[in-house]
Amino acid sequence: MTVGAAKHRELGLTDTEFELIVEKLGREPNDVELAMFSLLWSEHCSYKHSRKLLRRLPTEGERVVMGPGENAGAVDIGNGHAVAFKVESHNHPSAVEPFEGAATGVGGILRDVFALGARPIAILDSLRFGELDSERARFLLDGAVRGIGHYGNSIGVPTVGGEIYFEPPYEHNCLVNAMCVGLAKTDEMVRAAAAGVGNAVILMGASTGRDGIGGASVLASAELGDGDEAKRPTVQIGDPFEEAKLLECCLELLGKGLLVSLQDLGAAGLTSSAGEMASAGGVGIDIDVARVPLREADMEPFEIMVSESQERMLAVVEPAKVAEVLAVCEKWQTGSAEVGVVTDSGLVRVLRDEAVVGEMPVEALVDGCPLYDIEPAEPAGWLYGNRATLDSAASAGETLLALLASPSIASKRWAFEQYDALVGSRTARRPESADAAVLAIPEADNAIAVSIDGNGRRVACDPYAGTVEAVLECAQNLACVGAEPLGLTNCLNFGNPEKPAPAWQLDRAVSGLAEACEALGVPVVGGNVSLYNEGPEGPIYPTPAIGMVGELPDPSRVAGSAFAAEGDAIGLVGPFAPALAGSELAKLRGELDHGLPEPDIAAVAAACAAVRDAVRAGKLSSAHDVSDGGLAVALAESAIGANLGCRVDLAPLLMGGLTPVEALFGEGSGGFLVSGKREALDSLGAIAIGEVAGREIEIAAGEDRVEVTVEAAESAWRSLGRELDAPR
Amino acid sequence: MRWGVLQFPGSCDERDALHACSLIGEARLVWHEQRDLDGFDAIVIPGGFSYGDYLRAGAIARFSPAMEAVAELAADGRPVLGICNGFQVLCEANLLPGALLRNESLRFICRQVELVAADDERLSIPVKHGEGRYYAPEEMLDAIEANGQVAYRYAPGQNPNGSARDIAGLTNEAGNVLGLMPHPEHAVDAMTGSTDGLAVFERMVAVAA
């Protein structure tokens, strides 16, 4: 292989970037160096189009144990314990090969968390596909769900929550975001910085093969299009059994204090893990590729350095402890090899036996990529299509049933029953029984709640307001189970940042994220950016997936989202000002357009605090945030979950100026649907709207009336599973 | 009662089983290479994906040194409880009759189900497995039923995997080895859903007595 004039372009580097590399090296890079630069300077690794924007995010807070820059963020939950968490995308691999793409997405995020010394205790997923009438969307959904289950179930980490939306802009470019939460003793956590000149660098886990070569640059940093079939070899293959052993092995090594630092091998493999460890520690690293255990003997040095073979970790170990480390690896039947050494050279050097085959300053390789200013321009109108599937003359009852059956709102039981939600014995609330997953932490004598949210359609309508709403929805979900938010992670899934409209969406969304986090006092402790999510028809809906973790004192006091007892009063709490803009109903009617009302963040935060306190005090029978499909859908969901009906009159909302349709089906932040004793609701300042009664869902909204049986509502809500299981 | 909970590479539910056993006795994890199980009154082979379920679920774990000891202990009449992957291991080791095949749906399934015990007691316990469809030839099924070896059936209409004759769990002829697909160790705390699983562990205590 020779370095042709256009070689760098094939690898995704611009001419200017190539010239900068030549300048920093003082010479032209050789093949090995060019391959390594092309990966670390890719969008996926360098965040070159987003890093400047991300500086807006608040990252500090009293409870922050680890912030951005580590393998994952972590927050203190008290009593000497911390939870580590992060969400990451595996969109493009999943769009090419959904089973392995999703499986290795889960595998990768698990490694990020146990690299800190935290035992993974929960997985959540945020998935987006095209509409279900598309065969491709069904294929991707089926593969991704099986892949997530395959990996999470086999490794013994429960999948406790998540969300799935179906929208046409994801038809070509699906989204698979996986979030992992881990538990650690705060004073036993480790960082990823290499330290100690002369210390050994040990590669643990699976052997290194040719799979996934160029994944970060080829797949993750370019638009999808024709020829994706040819990209299949760049998708990594997962082996959860290998990772199960690696996980236990790493936790035992850390528990025994045998490691100086630990880093997972993700995108760009050894190149990024060695480079980033050296950069974080301000040291150099020598890697001898001849010592790397290989699957194929004839691999070239550049292939070994950029391979994205899964289930590998890189550790820095003091020389005196190497033998003991290798013995623990032996016990767990996990591979291990001393492949390098920490140096004071400030260089990443790649050797093959004695010969130096690559030599680059760490600073140039890891931090030398130029950062770009994006050039945002607000598009003139609605960028995406409209497709009416519901007659606007449909009655209120018909509309409710259509909304409940809409795949994005319908029960996702078909998917979550394919995941082990129970292993670990912490799952105090199973999927769809409460607004957030609740995990007991007996080690700290409390519990945590976790939610992941992000409605791309609403972000498309207004990237600022839509992103604020996504953060608020997480906070509301946490409030419903009595949890106080401690920290946030995010995955920003957007289109091509070099185009003005996706750039504008990204810019506005980051501002919304920053302002919502600032106002709620919730720090952003980590995240991931996935750009270039476009298909032939254009960009995806801009989709920030927000993951939030909170703490609550007593998991046995958590109210569910379902009504609990006949005769309970039903009330509405919070600054709920629903509108049809961007709603599920607007989608079904084909009326989507630019623009959303701006949420009142401070008022929502105050309502969250009030609901949280009421739940913690055990005063509420149920608490459910009003979200997709509006109040009527929230009422139906609470009724279906309990198999109890309700009698509700929305007159108080109409008196506030809402139309009946807005009151029933309008969406917006800030609404909590609660039930309980009337005095409890009164003391919470709830607007009384009805009571739990009978087996019918009866909602009056002026002229409009909903009267459907709970059974009919449930049948509509369960339609997704029936449709997916139906023979085709 | 001193419980030993086996741990193979790829086990998942061993800590959950350990916790459940510790509610009604003393319990300790046993690494799969340990051959001496003399210190234990009862053994649990937990759920999970031992050896990644490669080849067949349970097919590799059955050859572990600890399983040789389990076979001896079972022959002595001491209680052995295999849960999910543990049930699969016991069938592979021929300590229980029959085999577990892929679920009829060909999908993993995690769901709370109702079980009916031989004495008609009803238990609410979750299942979570991809290969839980109990299979045995007809004549073997007849013999199993005639011997009273069926310990638990899925309640009518709740068979999640297509198991023959709704069989969720069964014993060996002597009654001291019990395998079941549902996870009683995930039903020992009202906070996580049910306490009905304790009855399964108590049943093993009765075997030991």
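Residues numbered from 1 in each chain as written. Chains lettered and ligands numbered in written order. Predicted model: local features only at pLDDT ≥ 70, side-chain atom pairs only at ≥ 80, totals over all residues.

(A) Representation of the overall build of chain B in the model. Helix and strand counts for chain B come out as five helices and eleven strands. Here chain B has a C-alpha radius of gyration of 15 Å; the compact-globule value for 209 residues is 17 Å, and the two agree. Taken along the three principal axes of its C-alpha coordinates, chain B extends 40 × 35 × 30 Å. Counting over 209 residues, chain B shows a buried share of 56%. Residue pairs in contact within chain B that sit at least 24 positions apart in sequence constitute 71% of those at least 6 positions apart. (Helix = DSSP H or I, 4+ residues; strand = E, 2+ residues; numbered from the N terminus. Rg over C-alpha atoms; globule rule 2.2 N^0.38 Å. Buried ≥ 20, exposed ≤ 12 C-beta atoms within 10 Å, placed from the backbone. Contact = placed C-beta atoms within 7 Å.)

(B) Examining the confidence of the model for chain B more closely. Across chain B, the average pLDDT comes to 96, with 100% of residues at or above 70. Across the assembled chains, the prediction reports ipTM 0.96 with pTM 0.95. (pLDDT = per-residue confidence, 0-100.)

(C) Spatial organisation of the interface of chain B and chain A. Listed by partner, the interface residues are 21 residues for chain B and 24 residues for chain A. Put simply, the parts of the chain that give the side of chain B that touches chain A at least two residues each are α1 (14-22), β6 (109-117) and β7 (122-129) of chain B. With three residues, the single largest contributor to the side of chain B that touches chain A is β6(B).

(D) Broad picture of the sheet that holds strand β3 (residues 81-89) of chain A. Residues and elements named next belong to chain A. The strand order β1-β2-β3-β6-β4-β5 describes an open sheet built from six strands, whose pairing is mixed. Two strands close off the open sheet at either side, each with one partner strand: β1 (64-66) and β5 (159-166). Each strand of the sheet is rotated relative to its neighbour by a mean of 25°, with strand direction disregarded. Sheet topology note: the strand β4 (residues 119-129)/strand β6 (residues 175-185) ladder contains nine bridges and is antiparallel. Bridging from a neighbouring strand, D125 pairs with A178 of β6. Packing of helix α7 (residues 98-114) onto the sheet brings it into contact with β3, β4 and β6, and relative to β6 it is tilted by some 25°. Against the sheet, helix α8 (residues 135-155) touches β4, β5 and β6, its axis set at about 180° to β4. (Pairing = 2+ DSSP bridges. Axes fitted to C-alpha atoms, helices over the stretch in contact; angles between N-to-C directions.)

(E) Molecular detail of the packing of helix α15 (residues 396-405) of chain A against helix α22 (residues 630-642) of chain A. All names here are of chain A. Running from N to C, α15 and α22 point in directions that differ by 70°, and their axes come no closer than 10 Å. On the basis of the axis angle, α15 is roughly perpendicular to α22. Where α15 abuts α22, its residues L400, L403 and L404 lie against A632, V633 and A636. (Parallel < 35°, antiparallel > 145°, perpendicular 65-115°, else oblique.)

(F) Local environment of the sheet that holds β7(B). Residues and elements named next belong to chain B. In space, the nine strands of this open sheet follow the order β2-β1-β3-β4-β11-β10-β9-β6-β7, with mixed pairing throughout. At either end of the open sheet lies a strand with only one pairing partner, and these are β2 (26-31) and β7. Looking at each pair of strands side by side, their axes are set apart by 25° on average, direction ignored. Pairing between strand β4 (residues 80-83) and strand β11 (residues 177-180): four bridges, direction parallel. Note that in β11 the partner of L81 across the bridge is L178.

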